[in-house]
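Reading the structure
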There are 2 protein chains.
Amino acid sequence: MKPNAVPMNDLSRLYERYKVKVELEVTRTLRSGWWLNGAAGKRFAANFAAFAGASDCVLVANGTDALELALRAATRLDDAHGGEVIIAANAGGYASCACWHNGLIPHYVDIEAASQLASVQSVLDAVSSNTVAIVVTHLYGGVVDVRAIQAGLVRAGRSHIPIIEDCAQAHGARIGGKMAGSFGDIATFSFYPTKNLGAMGDGGAVLTSNPKVADDVRRLHQYGWDSKYHVGLPGGRNSRMDEIQAAILDVLLPDLDHRNEQRRAILTRFKSAARRRLKFVDGGDGAVAHLAVLLCDDRDAFRTFMKDRGIDTDIHYPVLDCDQAGWKGLPMKGDQDLGISRASIGRLCSVPCYPEMTDEEVTRVCQALGDWEAM
Amino acid sequence: MKPNAVPMNDLSRLYERYKVKVELEVTRTLRSGWWLNGAAGKRFAANFAAFAGASDCVLVANGTDALELALRAATRLDDAHGGEVIIAANAGGYASCACWHNGLIPHYVDIEAASQLASVQSVLDAVSSNTVAIVVTHLYGGVVDVRAIQAGLVRAGRSHIPIIEDCAQAHGARIGGKMAGSFGDIATFSFYPTKNLGAMGDGGAVLTSNPKVADDVRRLHQYGWDSKYHVGLPGGRNSRMDEIQAAILDVLLPDLDHRNEQRRAILTRFKSAARRRLKFVDGGDGAVAHLAVLLCDDRDAFRTFMKDRGIDTDIHYPVLDCDQAGWKGLPMKGDQDLGISRASIGRLCSVPCYPEMTDEEVTRVCQALGDWEAM
């Protein structure tokens, strides 16, 4: 890192902000001698469920596992093998992974250009009798209007199709004032360190207010056990969150809304500085600015321009799921009809956006954005 | 826990023994702000590979994931889907899980009564052109003679079949003086807290000296990525070890051999106290006494007898994989021919055995065993 560089993220600053409480809770958890499936996890799961507006929360090892287990629980009532799951193709591949691990077929749908989120109409157009689930990814902290998808499913007589809200980038985001994750049948979260609510290692969660689904996920995340060593449900695996991570997340949770405000304020400043050549992705009113993503022509030149000013950039994500070389041979649908996704993929660029950015760093990014605009 | 009870395990004692170093390393890791894929993991992976006699070590989220990824890496060169994997049915179900998640069929083989380990002859008899891998589980810390299996495969002209050594219960065990895990094509480890080498949360590892297999596992444990966000290999998932856990394991690793000696000494005392009615499972010369498992008639009465003396017991494991209710409909082979496994399953009982047991506790267990023998 150059002196005075603006890094994409700097988790040591987050740590500095919370270290007294974190070290107290981590030490307390370590000293308890109880490091999995214990009191810290129970407490955080209850607190996070209450925050997110769900009645149940199962803590798992990471956000991709959360999607995999949620899909399995949502689709298991039927023989879903070979069924289709409607998803966007621009969200980093995590939902695609989860589909294939369940023997399900991703059916890709296109996005809205301004928000980079799955288009409601595309989702509804893709629904068929083969559809076994819809994964709605609240990408970059922006929110998809889940209510509009639900209304469309009702109109089409397909309201039985479960909706999974992928909230890996949308902790605390709101849709019409109500928490993202509380609309669909299941919600999944990742607590990767850079997330709006991040652990200091891997972690994830599955939330639902359906007791049957919660019970299934709870069994599936430990081998399908009904009780220790007794398997009642096929398709299980081992996917648990460490007690240490749950204790850390419980320290950070009370500040989540406040930290999201800080993210939003930074993104608002960036947007004011870039109105012509650069177009920041707009996630809607209740969005939580997980990433500050913009669309630009001549991306390589823009990245070089920023780098010369000591400002890191990144790309989320560089390849559509359907175009990943390693997944070429896998079953998929809809990959021919992704005009906006394809037009966007080469123009996406992320600039630093996280609560611990200094005012001076935000100002430097704004200045650089303004300079690029003025060129 | 009753006053003066002898618990099955008590990890707070382990913690007490190592807490100064553990707290130093955990705090150092937290303060670094780098919590996944960092220096601590790199260091522990190198140290553990050197200890175990492999050239590569990939750290993953847990031991079941390790088996799943190892199976995928070992079998991917062919179209292995639907292929058979030879395993024992008495090892808790972890390898069976890993098979089904790869679309592979467990082919169960019977065990030796005295060791409760897969019988070499049964393994060799089960090998056919459908066999895509053999998982050899070094159960309870005992060791299977992998060399004898390899020699048999050579004689049968089937030395291409990969052997995966499941060392989840055999950290530091030796086969003819050489480390268990260094004989097969791949070895997998779990670092569940109660293991001979245990983390303070979940963790696992895949070890191999085959660079191609190592490269595949390294990609598969992060989505199949060749580089960040670029998928080169299908079938990947997210399975990483937290830096915190790697740092903790690196503190404990240098004491592993010494702690294994302590376990062995405890088991030796138990064996001396029980020679007639109770038969302790014998894992062989290089075994590391992960669990002290005995075979007894009238198990319920024995457990009540021990409980009345304040001594906890457990059962590892109560159900054969092929008899799990939740797995009834899944594809499997060999489940009709498991005479010794079936004759043993109702007679297994574990008594406490871990390095931090006090001399007084060990004496109390010995006394109780002797009293039962004398009845």
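For clarity, every value in this text was computed on a predicted model and none was experimentally measured.

**A short note on the overall build of chain A**
In terms of regular secondary structure, chain A is built from twelve helices and 14 strands. Compactness check: chain A gives a C-alpha radius of gyration of 21 Å against a globular reference of 21 Å for 375 residues, within 12% of the reference. For the C-alpha atoms alone, the extent of chain A along its principal axes is close to 65 × 55 × 40 Å. Per-residue burial over chain A gives 53% buried out of 375 residues. Sequence-distant contacts, at least 24 apart, represent 73% of the contacts inside chain A between residues at least 6 apart.

**With respect to the nonpolar core**
The nonpolar side chains of soluble globular proteins are, as a tendency, buried together. In terms of nonpolar packing, the biggest core is built from 250 residues, with Ala70(A) and Ala70(B) touching the most fellow members. Those residues in contact with Ala70(A) that sit more than four places away from it in its chain are Ile164(A), Ile186(A), Thr188(A), Val206(A) and Val217(A).

**A word on the packing of helix α3 (residues 63-75) of chain B against helix α7 (residues 211-220) of chain B**
All names here are of chain B. Direction vectors running N to C along α3 and α7 enclose 130°, while the axes themselves pass 9 Å from each other. By the angle between their axes, α3 is oblique relative to α7. Helix-helix and strand crossings are classified by hand; for α3 and α7 the assignment is right-handed. Here Leu69, Ala70, Arg72, Ala73 and Ala74 of α3 come into contact with α7, specifically with Val213, Asp216, Val217 and Leu220. The residue makeup of the contact of α3 with α7, split by class, is seven nonpolar, no polar and two charged.

**Some remarks on the sheet that holds strand β13 (residues 292-295) of chain B**
All names here are of chain B. Strand order across the open sheet formed by three strands is β12-β13-β14, with antiparallel pairing between neighbours. The open sheet has two edge strands, β12 (279-280) and β14 (348-351), and neither has a second partner. Here β13 runs beside β14; their pairing, made up of four bridges, is antiparallel. Across the sheet, residue valine 293 finds its bridge partner in β14, namely serine 350.

Rules used throughout
Residues numbered from 1 in each chain as written. Chains lettered and ligands numbered in written order. Predicted model: local features only at pLDDT ≥ 70, side-chain atom pairs only at ≥ 80, totals over all residues. Helix = DSSP H or I, 4+ residues; strand = E, 2+ residues; numbered from the N terminus. Rg over C-alpha atoms; globule rule 2.2 N^0.38 Å. Buried ≥ 20, exposed ≤ 12 C-beta atoms within 10 Å, placed from the backbone. Contact = placed C-beta atoms within 7 Å. Core = buried A, V, L, I, M, F, W, Y, C linked by C-beta atoms within 7 Å. Axes fitted to C-alpha atoms, helices over the stretch in contact; angles between N-to-C directions. Parallel < 35°, antiparallel > 145°, perpendicular 65-115°, else oblique. Left-handed = near helix turned anticlockwise from the far one by under 90°. Nonpolar A, V, L, I, M, F, W, Y, C, P; charged D, E, K, R; others polar. Pairing = 2+ DSSP bridges.

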